[in-house]
Number of protein chains: 2
Amino acid sequence: MPSLTPQPLTKAAFAAFGDVVETDGAAPIEINQGFARRCNGLANIDVTSGGAAVNISLFEAKPRPLPIEIKLMERHPLGSQLFMPLQDRPWLVLVCHDPRDAASYQAFTATGRQGVNYARNVWHHPLLVFDEASRFMVVDRMTSDNLEEVWLERPLVLSIP
Amino acid sequence: MPSLTPQPLTKAAFAAFGDVVETDGAAPIEINQGFARRCNGLANIDVTSGGAAVNISLFEAKPRPLPIEIKLMERHPLGSQLFMPLQDRPWLVLVCHDPRDAASYQAFTATGRQGVNYARNVWHHPLLVFDEASRFMVVDRMTSDNLEEVWLERPLVLSIP
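From a predicted model like this one, the values you see are computed outputs, not experimental measurements.

Draft legend 1. Just the relation of the copies chain B and chain A, in detail. Once chain B has been moved 0.0 Å along the axis and rotated by 180°, it coincides with chain A to within an RMSD of 0.0 Å. Taken together, the turn and the small shift mark the pair as related by a two-fold rotation axis. In terms of proximity to the rotation axis, the leading residue of chain B is B:Leu86, whose C-alpha is 2.2 Å off the axis. A shared interface surface links the copies, since 100% of the contact residues of chain B are contact residues in chain A too.

Below is the structure:
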């Protein structure tokens, strides 16, 4: 079975797929009389075309059994989808340009302080958690009929570093 | 100095001010081939009137010295503002109907798994963290000129339970 080893998630490596939501590399501004620092504009939320509402959700993901077998990829033709971890625990991100082209896959290890925002139409795997059950806040489009799935002929294996 | 003791945050108690973003009381659906549960539609994101973009930010708030003195309140006339804690640590929420009417104030203790979404024009205090520095993800409106502040003639004191 072909396998893929995740690389550390960086804005540069992920740029073709969407945004990394993190304070690293951002320019914080001081607010609240010095009691808070704010990093603005960290993701391009592209969900409201045609007047759709923003959907705020909470997910709880269960850990995948190891080794993690990748059997399907999905994308959302009508909007971006943002995942922010709600605890400081690493998780995995898997994207590709073409789900039928194994060479187009890229896997990333995200820290517990990195969220991702998949751009509209970017192929990605559903949430990948490999240690303990983990909570995420999700920002996407309030809509139905916004999912395409492709089941792979040959599963991929993710090698956890 | 008049004082206020926070009460536990519940959807019912907060309904006049906005949304409590939490899984309690929500109806989860099973997704991702059984590897995740999703609670949808947890907040009314009201930020895009006039075509404004959604702003995704990360805040880091410093703990307030105790006792916490409340000296100003603020509101955003052009949009809602959502705060979700990124670690499982309690925080405080203070809102009012009229910043000049001490009887209209309500304080809440939020758990580390409860976010809040202040509705447009709801008076609230900036982030209140009382223990350690804490991180939040914020969803509001990408705009300037969206802040009103009122400095109180007589500060209020928050009594931490």
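Draft legend 2. Spatial organisation of the sheet that holds strand S6 (residues 54-61) of chain A. With antiparallel pairing, the seven strands of this open sheet are ordered in space as S3(A)-S11(A)-S8(A)-S13(A)-S6(A)-S5(B)-S4(B). Here the strands that pair on one side only, and so sit at the sheet edges, are strand S3 (18-21) of chain A together with strand S4 (29-31) of chain B. Neighbour to neighbour, the strand axes of the sheet diverge by 25° on average, direction disregarded. Bridge analysis of S4(B) against strand S5 (residues 36-39) of chain B gives three bridges, and the strand direction is antiparallel. The residue of S5(B) that forms the bridge with B:Ile31 is B:Ala36.

Draft legend 3. Structural context of the interface of chain B and chain A. Each side of the interface is counted separately: chain B has 47 residues, and chain A has 47 residues. Taking both sides of the interface into account, the surface hidden between chain B and chain A amounts to around 3800 Å²; carbon and sulfur atoms contribute 58%. On the chain B side of the interface with chain A, the three residues burying the most area are B:Phe35, B:Ile56 and B:Leu58, jointly 19% of the side's total. Put simply, chain B and chain A have two salt bridges between them. Between B:Arg38 and A:Asp140 there is a salt bridge whose closest N-O contact spans 2.9 Å. Mapped onto the side of chain B that touches chain A, the elements with two or more residues apiece are S5, strand S6 (54-61), strand S8 (81-85), strand S13 (134-141) and strand S14 (148-158) of chain B. Ranked by residue count, the leading element in the side of chain B that touches chain A is S6(B), at eight residues. Considering only residue class, the side of chain B that touches chain A consists of 26 nonpolar, 10 polar and 11 charged. In this structure, S6(A) lies alongside S5(B), joined through four bridges in antiparallel fashion. Bridging from a neighbouring strand, A:Phe59 pairs with B:Arg38 of S5(B).

Draft legend 4. Structural context of the confidence of the model for chain A. Per-residue confidence for chain A gives a mean pLDDT of 96, with 99% of residues at or over 70. This prediction of the complex comes with two scores: 0.97 for pTM and 0.96 for ipTM.

Draft legend 5. Local environment of the environment of B:Arg75. Residue and element names in this part refer to chain B. Position of Arg75 among the secondary structure elements: in strand S7 (residues 68-75). Owing to a relative accessible area of 21%, Arg75 belongs among the partly exposed residues under this scheme. Taking C-alpha positions, Arg75 is 20 Å from Gly51, a pair spaced 24 residues apart along the chain. The contacts of Arg75, once residues within four sequence positions are left out, are Asn121, Val122, Trp123, His124, Asn146, Leu147 and Glu148.

Draft legend 6. Seen up close, unusual backbone geometry. Residue A:Leu66 is joined to A:Pro67 through a cis peptide bond whose omega torsion reads -10°. Along the chain, A:Pro67 turns up in the loop between S6 and strand S7 (68-75). A positive phi angle, near 50°, is found at B:Asn32, a position not held by glycine. Among the secondary structure elements, B:Asn32 is positioned in the loop between S4 and S5.

Draft legend 7. Examining the sheet that holds strand S4 (residues 29-31) of chain A more closely. Across the sheet, which stays open at both edges, the seven strands sit in the order S4(A)-S5(A)-S6(B)-S13(B)-S8(B)-S11(B)-S3(B) with antiparallel pairing between neighbours. This sheet does not close on itself; its edge strands, each paired only once, are S4 of chain A together with strand S3 (18-21) of chain B. Neighbouring strand axes in the sheet, compared pairwise and without regard to direction, differ in orientation by 25° on average.

Draft legend 8. Molecular detail of the environment of A:Trp151. Relative to the assigned elements, A:Trp151 resides in strand S14 (residues 148-158). Residues A:Trp151 and A:Met1 lie 150 residues apart in sequence; the distance between their C-alpha atoms is 15 Å. Excluding its chain neighbours within four sequence positions, the residues that come into contact with A:Trp151 are A:Lys71, A:Leu72 and B:Gln33.

Draft legend 9. Spotlight on the side chain of A:Ser80. All names here are of chain A. Along the polypeptide, Ser80 turns up in the loop between S7 and strand S8 (81-85). Overall, the relative accessible area of 2% leaves Ser80 in the buried class. At 2.8 Å, the side chain of Ser80 and the backbone nitrogen of Asp46 are in polar contact. Leave out the neighbours within four places in its chain, and Ser80 touches Asn44, Ile45, Asp46, Val47, Asn117, Tyr118, Ala119, Arg120, Val139, Asp140 and Arg141.

Draft legend 10. View of the pairing of strand S9 (residues 91-96) of chain B. Residues and elements named next belong to chain B. Most of S9 is tucked away, with six of its six residues classed as buried. Residues Trp91, Val93 and Val95 of S9 are buried on one face, and the alternating residues Leu92, Leu94 and Cys96, pointing to the opposite face, are buried as well. Of the strand pairs in this sheet, S9 and strand S12 (residues 123-124) are connected by two bridges, and their pairing is antiparallel. Paired with Val95 across the strands is His124, a residue of S12.

Quick notes on the rules
- Residues numbered from 1 in each chain as written.
- Chains lettered and ligands numbered in written order.
- Predicted model: local features only at pLDDT ≥ 70, side-chain atom pairs only at ≥ 80, totals over all residues.
- Heavy atoms only, no water.
- Least-squares fit on C-alpha atoms with pLDDT ≥ 70 in both.
- Contact = heavy atoms within 4.5 Å.
- Pairing = 2+ DSSP bridges.
- Helix = DSSP H or I, 4+ residues; strand = E, 2+ residues; numbered from the N terminus.
- Axes fitted to C-alpha atoms, helices over the stretch in contact; angles between N-to-C directions.
- Buried area = accessible area lost by both parts, 1.4 Å probe.
- Salt bridge = Lys/Arg side-chain N within 4 Å of Asp/Glu carboxyl O.
- Nonpolar A, V, L, I, M, F, W, Y, C, P; charged D, E, K, R; others polar.
- pLDDT = per-residue confidence, 0-100.
- Buried < 20%, exposed > 50% of the residue type's maximum accessible area, 1.4 Å probe, protein only.
- Polar contact = N/O pair within 3.5 Å; in protein donor to acceptor, adjacent residues only side chain to side chain.

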